[in-house]
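The primary structure of each chain is shown beneath.
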Amino acid sequence: FDAWFADAVARHDVDALAAWRTRAPDAASAHPTSEHFDPFLVAMGATTAGEKVTTLHDELAFGSLSMRTLSIGG
């Protein structure tokens, strides 16, 4: 899921991100509920095509918990 997510963000593919439940691999395992993912979708949906998205931190904790942190815009 995390690699798919990073790729979709880098491509600014808001359609794929909006359909993450059906398009992302292992979506149900990565996000059984969406409350931690929804705020990102709101922020990403408010961007314009080509707006800069920067990865501030990219690490897996405990072998599978993504700690990816992004900055949108600016």
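Worth saying up front: this structure is predicted, and the values here are computed from it rather than measured. Within each chain, residue numbers correspond to sequence positions counted from 1 in written order. Owing to the predicted nature of the model, reporting of local features is limited to residues with pLDDT of at least 70; listing and counting of side-chain atom pairs is limited to 80 or more, with chain, interface and lining totals taken over all residues. Side-chain figures throughout are based on the complete set of non-hydrogen atoms in the structure, without hydrogens or water.

Chemist: I'd like to hear about unusual backbone geometry, residue by residue, with values.
Modeler: A positive phi is found at His12, a non-glycine position, where the angle reads about 55 degrees. Helix numbers and strand numbers start at the N terminus; a helix is a DSSP run of H or I with at least 4 residues, a strand a run of E with at least 2. Summarising the element assignment, His12 is placed in the loop between helix H1 (2-10) and helix H2 (14-18). Of note, Asp26 is a non-glycine position whose phi angle comes to about 60 degrees, a positive value. Summarising the element assignment, Asp26 is placed in the loop between helix H3 (20-23) and helix H4 (27-30).

Chemist: So what's going on with the packing of aromatic side chains? Which residues, and what values?
Modeler: For Phe, Tyr and Trp, where Trp contributes only its six-membered ring, two rings pair if their centres lie within 6.5 Å, and the inter-plane angle classes them as stacked under 30 degrees, edge-to-face over 60, or tilted in between. A full pass over the atoms with the stated rule returns eight aromatic pairs. An angle of 70 degrees between the planes, with centres 5.8 Å apart, marks the rings of Phe1 and Phe37 as edge-to-face. In this pair, Phe1 sits in the segment before H1 while Phe37 sits in the loop between H4 and helix H5 (38-45), placing the two residues 36 residues apart along the sequence. With a 1.4 Å probe rolled over the protein chains alone, any residue whose accessible area is under 20% of its type maximum counts as buried; one over 50% counts as exposed, and the rest are partly exposed. On the accessibility criterion, Phe1 (18% relative accessible area) is buried. Exposure remark for Phe37: the relative accessible area of 4% places this residue in the buried category. Ring geometry for Phe5 and Phe40: centres 5.0 Å apart, planes at 70 degrees, overall edge-to-face. Note that Phe5 is positioned in helix H1 and Phe40 in helix H5, a separation of 35 residues in sequence.

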